[in-house]
Number of protein chains: 2
Amino acid sequence: MSSFSVPPPKCLQKPLAVPHRYMFGPGPSNVPSRILMAGINPVIGHMHPEIFEIMNDIKSGIQYMFQTQNNMTLAVSGTGHTAMECAIFNTVEPGDSVLSAVNGIWGERAADMAERIGARVNTIVAPPGGFFTNAEIEQALSKYRPVVLFLAHGESSTGVFKMQPSLLYNSYVMIHAYRYGCLLLVDSVASIGGTPLFMDQQGIDILYTGSQKVLNAPPGTAPISFSERACQKVFNRRTKPVSFFLDLSWLANYWGCDGKPSRVYHHTGPVTAFYSLRESLAVLAEEGLEKSCERHEKVAEYFHAGLESMGLKLFVKEKKARLPTVTTIVAPHGYDWKEITTYIMKTHNLEISGGLGPSVGLVLRVGLMGCNSTKDNVDMVLEALKDALKHCHKSKV
Amino acid sequence: MSSFSVPPPKCLQKPLAVPHRYMFGPGPSNVPSRILMAGINPVIGHMHPEIFEIMNDIKSGIQYMFQTQNNMTLAVSGTGHTAMECAIFNTVEPGDSVLSAVNGIWGERAADMAERIGARVNTIVAPPGGFFTNAEIEQALSKYRPVVLFLAHGESSTGVFKMQPSLLYNSYVMIHAYRYGCLLLVDSVASIGGTPLFMDQQGIDILYTGSQKVLNAPPGTAPISFSERACQKVFNRRTKPVSFFLDLSWLANYWGCDGKPSRVYHHTGPVTAFYSLRESLAVLAEEGLEKSCERHEKVAEYFHAGLESMGLKLFVKEKKARLPTVTTIVAPHGYDWKEITTYIMKTHNLEISGGLGPSVGLVLRVGLMGCNSTKDNVDMVLEALKDALKHCHKSKV
């Protein structure tokens, strides 16, 4: 006969304790109490009419944020990586050619995901902090004839956005892509809402982001949208996507995007996370997308000027290619970057971070996103950096 | 030049409004304010030492709930379906033989998931409300030699648990499974915490559940655990799992289960959902697993007696095979089940639900899980059912 032999853990007797902290890394950002509080509304069913209405509101909010009329617009029940897999799992079949433009960690991860499901993956690679010319992209498109081209708009690991600043506005690349039947898949996790992006006008076929960056919602939901052209590919596949959970035909029904009269149980949506996501989209709509972008850009300029006047160097050389949401600073010469971030966390209760993937050891990263993007916060970060440079050891190397 | 052409949606100007409701369906359950409130603690980084400590506490809490010493114990950043895919994606490779015991929707979905990744899937099927004999399972094991056998402990679509009441206690099946190198994968989303289950003593190799049932946390996280034997299979694969997001080698590192000295960025964990999950595990540890199971069983007995004294019939004939968490009632003859659930929602502000998958049209389902499992709530449901039977139309059919 079986019996209870594992005792209740003592650690759970201590009450939960979470520190307050300035979240000025590349994300998650601070969540204003209005958005946190939305999440303590009572749990209702994932198939109740009231949650469908909330999901419809979320859909409208994402269409606004993405500047798209796409009907196939929804939030994935997961973080940015889940949305990334949702995009790739649904649009790519085994044997398909995929091109990933790698100028940081996101292009690497997209390539990894596509390889896992049996795609033939090719990459073009730019050094961290760099980006591609249109000619490079066009050449690769014509060489590899991919069904999907992955681009990171807002490469948060290096602080670069608009990988080739004119690309997304440049009909050349789009015409090339269209000619080869290629879908444009764009990651805007760290950029959208803080810098202008126009899904429809820029011909983006699949666009996704996360809840925890400019939106200032807790991590756990990820807005995504598919163009008509992307849906054509998705709904005419020869094979089922590898994931039932991320299968767009199921998600489309759950989000009321497939025109069917009733919704069928797919999975239990994280309803309280949806409450917070809706609230965060309402905050964005109240300020207005244009104003939000202007604010992020002004604050970033002010921040970048402050950094340069301190003698620090920005990692992304071309001014126009700098992300206004996540700033990469060349790791100050002679210092151990980790000592700086640790000092600032300890002394100023403030998170800034080191590099990620290809930028590890090369940079410090500061994210000022959504409600965190203010001049007061810039002043706070600059003070903290000055203080750290004064107090951290200069290494002998 | 692109411009902002999609205006902010009017629907987001209305404040979020969510009704209070008795959540007595098969889940999500009501979330007590203590657990909801845990979720409004400030967001910290997904790689901060404080969140690692919270994750360690969660790990201990799951080990307790699952009655396991498995080191490879963690919570997936998603709902029950994500955990299901995590289990299957990591243990099954293309071409592997998988056996799914189907006596409701969960066996069907497990089979679907395994098929999508190229497994050779076989099923044994019992009618809704039924289960299997040990001989049936053993015969199928010896015939198909699966690498994974899927069983639902707590088939919430039909109200059955212990699919073959003695199975999990019966060393015959385990010995058979071990002989063929088969892993036992068990879904306990709707049962664990409300009925005894002993992962280690019962020889279960992979066990998972959801946060939104007996645990009474919001949906969005899913506890899972892998035995040493399961890890042997997972970490000696020939191919990478199809999902980067659910790749156990990455998750193991993020949860500190791989013995490596430092954790590498994998994905942004839903930190506020982790706060609530930790709190829900603390509540369970405070009451004690044994007491919680006893309470669920007593309340279920009281409920079942009340239903029978009203003249209603329980769908699962064998008393010992009835889930104490989710009760299935034979849809009353001559009534439209949907009219009953709609009436009760409208008049009593109380959710009970119809069938799911193979049980659609056959049953009413009532879930009393975690804090909802009380005699007072039983009385409330019985009153609501009496009232509905009085007021709903009897059809002529």
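What you see is a predicted model; the values in this text were computed from it and never measured.

## Considerations on the pairing of strand β6 (residues 183-187) of chain A
All names here are of chain A.
And then number 1: For β6, a buried count of five out of five residues is recorded, marking the element as mostly surrounded by other parts of the structure.
And then number 2: Where burial is concerned, the two faces of β6 agree: the one with L183, L185 and D187 and the one with L184 and V186 are both buried.
And then number 3: Here strand β5 (residues 148-152) runs beside β6; their pairing, made up of five bridges, is parallel. Considered in β6, the bridge of L149 is made with L184.
And then number 4: Judged from the three bridges that link them, β6 and strand β7 (residues 206-208) form a sheet pairing that is parallel. Paired with L185 across the two strands is I206, which belongs to β7.

## Here's the deal with the UniProt feature "modified residue: N6-(pyridoxal phosphate)lysine" (unreviewed entry) in chain A
Residues and elements named next belong to chain A.
And then number 1: Under the UniProt annotation, the feature "modified residue: N6-(pyridoxal phosphate)lysine" (unreviewed entry) is placed at K213.
And then number 2: Note on K213: relative accessible area 8%, which makes it buried.
And then number 3: When residues no more than four places from it in sequence are discounted, the contact partners of K213 are P26, G27, S29, V189, A190 and M369.

## Digging into the nonpolar core
And then number 1: One finds A:I224, A:F226, B:I224 and B:F226 to be the most contacted residues of the largest nonpolar core, which totals 194 residues.
And then number 2: Apart from residues lying up to four places away in sequence, A:I224 is in contact with A:F66, A:M72, A:T73, A:L74, A:V76, A:A83, A:C86, A:A87, A:I206, A:L207 and A:Y208.
And then number 3: Core analysis: the next-biggest nonpolar cluster, separate from the first, contains 24 residues, A:Y335, A:I340, A:A384 and A:L389 among them.

## A short note on the domain arrangement of chain A
All names here are of chain A.
And then number 1: Assigned domains of chain A: these are domain 1 (22-28 + 289-391) and domain 2 (33-284).
And then number 2: Between domain 1 and domain 2, the C-alpha centre-to-centre distance is 26 Å.
And then number 3: Listed per partner, the contact involves 29 residues of domain 1 and 32 residues of domain 2.
And then number 4: Between domain 1 and domain 2, roughly 2,300 Å² of surface is buried when both sides are summed, and carbon and sulfur atoms account for 65% of that area.

## Here we look at the confidence of the model for chain A
And then number 1: Overall, the prediction assigns chain A a mean pLDDT of 93, with 95% of residues at 70 or greater.
And then number 2: Taken together, the chains of this predicted complex give a pTM of 0.96 and an interface ipTM of 0.96.

## A few points about the relation of the copies chain B and chain A
And then number 1: Note on the copies: chain B fits chain A at an RMSD of 0.0 Å, the axial shift is 0.0 Å, and the rotation between them is 180°. A rotation of that kind, with that shift, is consistent with a two-fold axis. The position closest to the rotation axis in chain B is occupied by the C-alpha of B:G78, lying 3.0 Å away.
And then number 2: Of all interface residues in chain B, 100% are interface residues in chain A too; the two copies therefore contact each other through one and the same surface.

## What about the UniProt feature "binding site: substrate" (unreviewed entry) in chain A?
And then number 1: Here, the residues flagged by UniProt with the feature "binding site: substrate" (unreviewed entry) are A:R365.
And then number 2: Among the secondary structure elements, A:R365 is positioned in strand β12 (residues 363-367).

## Describing the interface of chain B and chain A
And then number 1: Contact with chain B, which involves 94 residues of that partner, is made by 94 residues of chain A.
And then number 2: Taken together, both faces of the contact between chain B and chain A bury some 8,000 Å²; the carbon and sulfur share is 64%.
And then number 3: If you sort the residues of chain B by the area they bury against chain A, B:F4, B:L12 and B:R116 come out on top, with a joint share of 11%.
And then number 4: At the junction of chain B and chain A, the tally comes to eight salt bridges.
And then number 5: Its salt-bridge partner being A:K14, residue B:E53 comes within 3.7 Å of it at the nearest N-O pair.

## What about the side chain of A:R278?
And then number 1: As for its placement among the helices and strands, A:R278 is situated in helix α9 (residues 271-287).
And then number 2: Not counting the four nearest positions on each side in its chain, A:R278 is found in contact with A:I54, A:D57, A:I58, B:C11, B:L12, B:K14, B:P15 and B:L16.

## Observations concerning the sheet that holds β12(A)
Residues and elements named next belong to chain A.
And then number 1: As summarised here, the arrangement of the three strands in space is β9-β12-β11, forming an open sheet in which the pairing is antiparallel. Only two strands of the sheet have a single neighbouring strand rather than two, namely β9 (326-330) and β11 (353-354).
And then number 2: Here two bridges tie β11 to β12, and the two strands are oriented antiparallel to one another. Within the sheet, the bridge partner assigned to S353 lies in β12 and is R365.

## Describing the sheet that holds strand β11 (residues 353-354) of chain B
Residue and element names in this part refer to chain B.
And then number 1: The sheet built from three strands is open, its strands ordered β9-β12-β11 with antiparallel pairing. Of all the strands in the sheet, just β9 (326-330) and β11 have a single pairing partner and so form its edges.
And then number 2: Relative to strand β12 (residues 363-367), β9 runs antiparallel, the two sharing five bridges. Bridge pairing links T328 to R365 in β12.

The rules we used
- Residues numbered from 1 in each chain as written.
- Chains lettered and ligands numbered in written order.
- Predicted model: local features only at pLDDT ≥ 70, side-chain atom pairs only at ≥ 80, totals over all residues.
- Heavy atoms only, no water.
- Buried < 20%, exposed > 50% of the residue type's maximum accessible area, 1.4 Å probe, protein only.
- Helix = DSSP H or I, 4+ residues; strand = E, 2+ residues; numbered from the N terminus.
- Pairing = 2+ DSSP bridges.
- UniProt positions renumbered as here; feature names shortened; annotations may be inferred.
- Contact = heavy atoms within 4.5 Å.
- Core = buried A, V, L, I, M, F, W, Y, C linked by side-chain atoms within 4.5 Å.
- Domains from an automatic or database assignment.
- Buried area = accessible area lost by both parts, 1.4 Å probe.
- pLDDT = per-residue confidence, 0-100.
- Least-squares fit on C-alpha atoms with pLDDT ≥ 70 in both.
- Salt bridge = Lys/Arg side-chain N within 4 Å of Asp/Glu carboxyl O.

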